[in-house]
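Residues per chain are reported as follows:
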Amino acid sequence: MLSGSLYALLAGFMGAAASLTAKLSFGAHYLSDMCEAGLSRTGSHGETAVCDWLHIPLRLLCAGLLFTCNTVMWTFFSKALRHCSSSARATVTTTASNFISSAVLGRLIFGETHAALWWVGISLTLCGLLVLHGSTPKALPQEEGKKDT
């Protein structure tokens, strides 16, 4: 059985994957530009006309992946909520995982970079995550007047 923190990490990654597929599906010309770049690398310079129609089924595929990734993300997040000791731990872990996964996927796929302020913000989020994971949950004191029957 997986721990709640691992479910939260997976939920964050799936949220980032859903964002990636949304950007590919509804973005300006990412898919057609990628198609043309891929064909130019293979030496098929005259065959870029295929990219004029190929981006439509690719966009539909990405839209389907968007709904799939969101469904899986919510499944993992609900499991994280069930298995974590607190909902704050699950939420902050999912958020941090989503931010980091989005940054990595954005850099790999789109070549995006982030400003120093963004990195300061994610560092503070990760510090808060470490504080949450480092603390131990306190057990509730049992009522003294209660008897087992």
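Rules of the game
Per-chain numbering applies: the sequence of each chain, read as written, is numbered from 1 onward. Per-residue local features are limited, in this predicted model, to residues with pLDDT of at least 70; the limit for side-chain atom pairs, both in listing and counting, is 80 or more; totals at the level of whole chains, interfaces and linings are taken over all residues. Side-chain numbers here rest on the full set of heavy atoms in the structure, without hydrogens or water. The helix count covers DSSP runs of H or I at least four residues long, the strand count covers runs of E at least two residues long, and both are numbered beginning at the N terminus. Contacts are assigned to residue pairs with any non-hydrogen atoms lying within 4.5 Å of each other. Only the protein chains shown count as cover for residues, with accessible areas throughout obtained via the Shrake-Rupley method and a probe of 1.4 Å. Axis definition: a line fit to C-alpha positions, over the contact stretch in the case of helices; interaxial angles, taken between N-to-C directions, run 0 to 180 degrees. With respect to orientation, any angle under 35 degrees is reported as roughly parallel, any angle over 145 as roughly antiparallel, any angle of 65 to 115 as roughly perpendicular, and every other angle as oblique. Should the near helix be turned counterclockwise from the far one by less than a right angle, the crossing is left-handed, whereas a clockwise turn marks it as right-handed. In this classification, the charged set is Asp, Glu, Lys and Arg, the nonpolar set is Ala, Val, Leu, Ile, Met, Phe, Trp, Tyr, Cys and Pro, and all remaining amino acids, among them Gly, are polar.

**Things to note about the overall build of the protein**
Here's step 1: What the protein contains, in helices and strands, is five helices and zero strands.
Here's step 2: Shown N-terminal to C-terminal, the secondary structure of the protein runs as helices and strands in the order α-α-α-α-α.
Here's step 3: Across the protein, contacts joining residues at least 24 apart in sequence account for 75% of those joining residues at least 6 apart.
Here's step 4: When the accessible surface of the protein is split by element, carbon and sulfur atoms take 66% of a total near 10000 Å².

**Focus: the packing of helix H1 (residues 4-26) against helix H4 (residues 87-110)**
Here's step 1: One way to put it is that H1 packs onto H4 with a least axis distance of 7 Å and a crossing angle of 40°. The orientation of H1 with respect to H4, classified from their angle, is oblique. Crossing hand, H1 versus H4: right-handed. Within the contact between the two elements, H1 uses Ser5, Ala8, Leu9, Ala11, Gly12, Phe13, Gly15, Ala16, Ala17, Leu20, Lys23 and Leu24 and H4 uses Ala90, Thr93, Thr94, Ser97, Asn98, Ser101, Ser102, Leu105, Ile109 and Phe110.
Here's step 2: Here the contact of H1 with H4 is built from residues that sort into twelve nonpolar, nine polar and one charged.

Function-wise, these values are silent; they only describe arrangement.
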